[in-house]
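Chain residues, written in single-letter form:
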Amino acid sequence: MLRTALRNVFAHQARLAMTALAIMLGVAFVAGTLVFGDTVTEALRGASARNLKDVAVSVQAASRPGTDGTDTATTATSDADARSTVLTADLADRVRAVPGVTSVHATVDGTATLAAKDGRPVNADNGWQNLATNYTPDTPGTGRDSRFPLSAGRGPAADGELALDRRTAEKAGYAVGDSVRFAVQGPALTMKLVGTVDTDDPRVTAGGSLTLFDTATAQRLFLQPGRFDELAVTSAPGTDNQELTGRIRALLPSDGITVTSGAQLAREQAERIAENTKELTRMLLAFAGLALFVGIFVIANTFTMLIAQRSRETALLRAVGASRRQVVRAVLVEAALVGLAASAAGIALGLGIAAAMRPLLNAGGAGLPDGPLVVSPDSLVRSLLVGVGVTVLAAWLPARKAAKIAPVEALSTVDQAPPRRGTVLRNTLGGLLTGAGVLALLYVSAQRNGGDSNLEAAALGAALTLTGVIVSAPLLSRPPIRLAGAVTTRLFGVTGKLAEENALRNPRRTAATACALMIGLTLITGLSVTGSSMNAALRAAAVEGLTADYKVSNTGFAGIDAALGAKVAEVPGVAESVPLANAGLGARGKFTTLTGADPQRLGRVYDLTFSSGSLADVGPGRIALSDRMAETTGLSKGDTFQATLGSGRAGKDLTVVGVYRQNRAVGGAVGTMDDVLPYAYGGRFDSILVKAASGRDTDGLDQAVRAALGNSPLIQVQNQEQLTKAQAGQIDTMLAMMYGLLGLTVVIGVFGVINTLAMSVSERTREIGLLRAIGLDAAGVRRMVRLESVVISLFGAVLGIGTGIFLAWACGSLSKAALPQYGLVLPWARLGLFLLLGLAIGVLAAVWPARRAARLDMLRAIAAQ
C-alpha cells in the first residue's frame, strides 16, 4: 500500500500541483511569520543589550511624569521637581566613590520634536519616541561619550549646541553646521548642529529620533540645575555587579530612588520586547490560519476528485484483499507526502517573505532595527507540522468515504451522486448552524453596548453563520447557478447551457470550490463595509456641532501652555479663541474626561445638544454630563455627588445641572476652566478652538496662529476638513493592511478554482470527446469551460459579498455604544469591484483548463476509460 501511495503521487503530479501550491502558500505565511517574529525579537534584544552593555548598575528616580501621585500640577517644572529632586550631583559623586565603580554617567531625559529643514515636524505623531538627553564625555576634556559614538563633527559642549542621531539628521535634511529648529514644550527653539552620532537604542531605531544637549542645557530644558533622571554606573572588570548593586542601594536613600543591576534591566527590557513582538506575531499567524483554512477546501476537493477518479483502482485493491483501513492509510500517506514536499517549499518561500517583511514595513515607517535572519529549528518544525497536519486532516474525510464504498459499487461507476440521507443531514446541519448564528447576531444588533459578553456573542454568531453558510453551500448553489445559467444560455446558447449543467452536476464539489473563494471575499467585504461605516461615522463625529474654523492642539498630546491662550486671541482676524482643558473625573465608580472651558464662550464655537439644562447653567461646582455618562452613573439634573478629580485622590462635591448628547469634541462632562485646569496634566490646555471673524477669509489664518505660538513643530492647527481626514486616515491605513493580509486567501481560492476545473476536464475526457464528435468545436469547448469557471466564481463572490455585508451590519452595531453616529454605509464602488474581481477570477482561472480541454484528441478522448 505504501508503494501504491508513492506511485499515485508521481502518477498525478499535475493534478496535485494546485493543491501543493495552496499548501505551500499557507505554510510560507506561517513560516515567514514565525521567522520574522524571531528575527525582530532578536534584533530588538540585541539593540537593547548593546545599549546597556556598559551599564553595571542603574540608579533612577522612582517617580516618572504622569505617575507621581500628585493631585495638582501647574507647570512643567513642577513635574520635573516631582520626578527628580532626589538625584543630585552630590549623590552622583557619592556613587563614584564606591569601590568597583569606574565611571558614572548622570543623565537627563526628555523629549524634543524637531522641525525638518523644510519646516515639517519629524515624527510628530509619535512624540514619545523623540528622545532627548545629555551628552556627557567619559573623561573631562576628551569630548567623547561612549554611549553615543560620533559619526560626524563633535558632541555638544555649550549652550546653543546640539547633536542628532545620524538617521534623523539625514531624514530631516540637516548637516553639521546647520541651524536646527525644535520644541520641547513651548515655542520653537533654534540651536546649531555640531555633530551626529550612532545609537542602538531600539526606540530610536524603531523610527524615533535622538537629540543630545550639553548637561546644563538639558537640565534647563527638562529639569533643574544640578538634577538628574538616572545615574548609569560602569564597573571595573571582574566586579560582582550584583554585590555592587547592593552596596549602592545601601548607600543611597530608599525614598524616591530605585537601584537596579544592568543585567536585570536588560532582562526586563528583553521581556517587554518579547511580549510586544508576540502581539504582532499572533496577528499575522491568525491571517496565516485563515489562508490554511481556505487551503483545506482546495485539498479536500482535490482528494475527493482523485479518489472518485480512482474508484476502479480502489475497488480492485479491495477485491484482492486490501482492508478499509489500508485504503484510508494509503490515501493519508499520499496526502502526507504531498504536504511534506509542499511544506518544505513553503518554508523556503517563507524565509524569503521574512527577509522582505522588515524593509517593507520600514518603508511604511515601522523603523524595525537591522539584524540577521533568525531561523530557529522550532519555527521550521512547527511550520512543517502545520503543513503536513492540515493536508492529512483535509484528506481524511475523502479517504474514509472511499474506503466505505463496496468494491462492486465502485466498479460499476466512476461518479456517483451523494446518498440522499447524507445530503439531507448536511442541509439540516447547515440550516441549524446558520439559524443559530443569525439569531446570535440579531441579538447582538439589538444591544446598545459593546461589553465583553456582546463581543463574545458577536464572534460566536459570526463563526456559526459562516460555518453554516459553508455547510449549506451545495443547497444554496442551485438558485444562483440556475439564474447565471439562464443568462449564459441566452448569450452563448448550448455552451452556456452545458456550463450550467456542469456546475450543477456535483453541487458539493461546486460549493467547496466556491467556498474557497467565498471565505476571503466574506472577510474582505465585511472589513470594507465596517471600515466605510466607521469612516463615515468618524468624519461626522469629528466636526459634529463644531462651529469653530480651527482646532489648535499638541501633536505629542502634552497640551498647550496656558499662557499661549491669550496670544491666539490677539491674532488679527480671530473672533473667538476658546481654550479647553481636560482632567479625569470619577463618579459613582465610573470614569470619564471632564472638559473645562468658559461656558458662554464654548457655546460660540461648539453646539452642544442638551436634553435637560444648558451651558448657561454650568458654573463653579456645577457641571453638565453626557447622556451616556448620566445613564451609566444614574445621575440626572439636580443631583449632587462626591467626585474624584485628577489622579483620583482629590474629592469635590459637584452638582449636575444639565445632560447633553455624547460627542467627541468634549469629554463625558463639561465644567468651568477654574474647576478643571488645576487637575489637568501640567496645568496645560488640551486644545484651543478658534473662530474667524465674520467676513474674514480664513486663508492664512492658520499660519498666523502658528506664528503667534512660536512656529513650534509640536503645534498643529487643523481646519474642519483636516480634522475629518485625520480621523479617516487611520481607517484607510488599517483597511489597506488588512486587504494585503487577506489577499492570500483569495489567491488560494483562485488556485482552488483552477484545480477543480483542471481535474474536472480530466474526469470528463470521454464526455468532451463525444461533444467534439457531435459538432462542438475547440472554441466551443474553451467557452464551455470558461463559462463554468465564471459561474462558479460568481457564485462564490455573491455568497461572500452577501455574507460579509450581513456580518458587518450585525457586528458593526456594537460600535454605536462608543460612536452614536455609526450607521451602515455600503461602499458600492468597492462592492462592484469585488464582483468584477470574481468575474475576472473566473475568466483567468479557466485559461489553462480550457486550453487543455480544447487540445484533447477526439478519438483518444472517446476511447478513454
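Quick caveat, the model's predicted, so the values are computed rather than measured.

Q: What is the right way to read the pattern of salt bridges from this model?
A: Pairing is possible between side chains of opposite charge, provided their charged atoms come close. Scanning the entire structure with this criterion turns up 19 salt bridges. As a salt-bridge pair, K497 and E501 come within 3.6 Å of each other at their nearest N and O atoms. In this pair, K497 and E501 both sit in helix α16 (residues 494-505), four residues apart, roughly one turn of the helix. Taking relative accessible area as the criterion, K497 reaches 36% and is therefore assigned partly exposed. When its relative accessible area of 36% is taken as the criterion, E501 is described as partly exposed. Taken together, the shared-partner salt bridges connect R482, K497, E500 and E501 into one network.

Q: Can you walk me through helix α26 (residues 828-845) in this structure?
A: Because an α-helix packs 3.6 residues into every turn, residues spaced three or four apart end up facing the same way. Here α26 spans 25 Å end to end across 18 residues, near enough to the 26 Å set by a 1.5 Å rise per residue. Every buried residue of α26 is accounted for by L831, F834, G838, I841, G842 and A845. Angularly, the buried residues of α26 cover 100° about the axis, an arc narrow enough to put them on a single face. In α26, the exposed positions that point more than 90 degrees away from the buried face belong to W828, A829, L833, L836 and L844.

Q: Explain the environment of A17 here, please?
A: Within the secondary structure, A17 is located in helix α2 (residues 13-51). Separated by 325 residues in the primary sequence, A17 and A342 have C-alpha atoms spaced 9.3 Å apart.

Q: Before we go on, may I ask you to explain helix α24 (residues 765-773) in this structure?
A: Taken together, the buried positions of α24 are occupied by T765, I768, G769 and L771. For α24, the buried positions fall inside an angular range of 160° around the axis, keeping them on one side. Following α24 by one or two positions, G775 adopts a phi angle in the positive range, close to 120°.

Q: Help me out: how do you make sense of the packing of aromatic side chains in this one?
A: Both the distance between ring centres and the angle between the ring planes are used here to describe each pair of aromatic rings. What the rule picks out here adds up to five aromatic pairs. Measuring from centroid to centroid gives 5.5 Å for F293 and F297, while their planes differ by 85°, and the two rings are edge-to-face. On the criterion of helical spacing, the pair formed by F293 and F297 is a turn pair, its members being four residues apart in helix α9 (residues 262-309). Judged by its relative accessible area of 14%, F297 is buried. Judged by centre distance (6.0 Å) and plane angle (35°), the ring pair of F806 and W809 falls under tilted. Of this pair, F806 and W809 both sit in helix α25 (residues 778-812), three residues apart, roughly one helical turn. On the basis of relative accessible area, W809 is assigned to the partly exposed category, the value being 37%. Taken together through their ring pairs, the aromatic side chains of F182, F213 and F222 make up a single cluster.

Q: What am I meant to see in the confidence of the model for the chain here?
A: Predicted coordinates in areas of low pLDDT are best not read in detail. In this model, the chain carries an average pLDDT of 83, and 90% of its residues clear a pLDDT of 70 or more. When mean pLDDT is compared element by element in the chain, strand β7 (residues 161-165) scores highest at 96, while helix α3 (residues 76-84) scores lowest at 44. When the criterion is pLDDT under 50, residues 64-84 qualifies, and its contacts beyond four places in sequence or with other chains add up to 48 contacts.

Q: Any chance you could explain the packing of α16 against α25 here in plain terms?
A: Relative orientation and spacing of two packed helices are given, respectively, by the angle between their axes and the distance between those axes. Two numbers describe how α16 lies on α25: the axes approach to 8 Å, and their chain directions differ by 50°. Judged by the angle between their axes, α16 and α25 are oblique. For the pair α16 and α25, the crossing hand works out as right-handed. Between α16, through T495, G496, L498, A499, N502 and A503, and α25, the contact on the second element is made entirely by G780, R783, M784, L787, E788, V791 and I792.

Q: I tried to follow the sheet that holds strand β11 (residues 230-235) on my own but got confused; where do I start?
A: Strands pair in a sheet through their backbones, by hydrogen bonds, and they do so in one of two ways: parallel or antiparallel. Strand order across the open sheet formed by four strands is β2-β11-β1-β12, with antiparallel pairing between neighbours. In the strand order of this sheet, the two ends are held by β2 (101-107) and β12 (257-261), each with one partner. Across the sheet, the mean angle from the axis of one strand to that of its neighbour is 15°, orientation sign disregarded. Examined bridge by bridge, strand β1 (residues 57-61) and β12 share five bridges and lie antiparallel to one another. Within β12, the residue paired with S58 across the bridge is T260.

Q: Any chance you could explain the packing of α25 against helix α27 (residues 847-854) here in plain terms?
A: Relative orientation of the contacting elements α25 and α27 amounts to 150°, with a least axis distance of 8 Å. As for the relative orientation of α25 and α27, their crossing is right-handed in sense. Here α25 contributes A778, V781, R782, V785 and R786 to the contact with α27, which in turn contributes P849, A850, R851, A853 and A854. Class assignment for the residues of the contact of α25 with α27 results in seven nonpolar, no polar and three charged.

Q: Looking at this model, I keep getting lost on unusual backbone geometry. Mind explaining?
A: It is generally the case that most residues other than glycine have a negative phi and that most peptide bonds are trans. Look at R588: it is not a glycine, yet its phi comes out positive at around 55°. Within the secondary structure layout, R588 lies in the loop between β14 (574-587) and β15 (590-597). Its identity as a non-glycine residue notwithstanding, N711 has a phi of 50°, on the positive side. Along the chain, N711 turns up in the loop between α22 (701-708) and β22 (715-719). The class for N711 is partly exposed, based on a relative accessible area of 38%.

Thresholds applied
Residues numbered from 1 in each chain as written. Predicted model: local features only at pLDDT ≥ 70, side-chain atom pairs only at ≥ 80, totals over all residues. Heavy atoms only, no water. Salt bridge = Lys/Arg side-chain N within 4 Å of Asp/Glu carboxyl O. Helix = DSSP H or I, 4+ residues; strand = E, 2+ residues; numbered from the N terminus. Buried < 20%, exposed > 50% of the residue type's maximum accessible area, 1.4 Å probe, protein only. Expected span 1.5 Å × (residues − 1). Arc of directions from axis to C-beta. Phe/Tyr/Trp six-rings, centres within 6.5 Å; stacked < 30°, edge-to-face > 60°. pLDDT = per-residue confidence, 0-100. Contact = heavy atoms within 4.5 Å. Axes fitted to C-alpha atoms, helices over the stretch in contact; angles between N-to-C directions. Parallel < 35°, antiparallel > 145°, perpendicular 65-115°, else oblique. Left-handed = near helix turned anticlockwise from the far one by under 90°. Pairing = 2+ DSSP bridges. Nonpolar A, V, L, I, M, F, W, Y, C, P; charged D, E, K, R; others polar.

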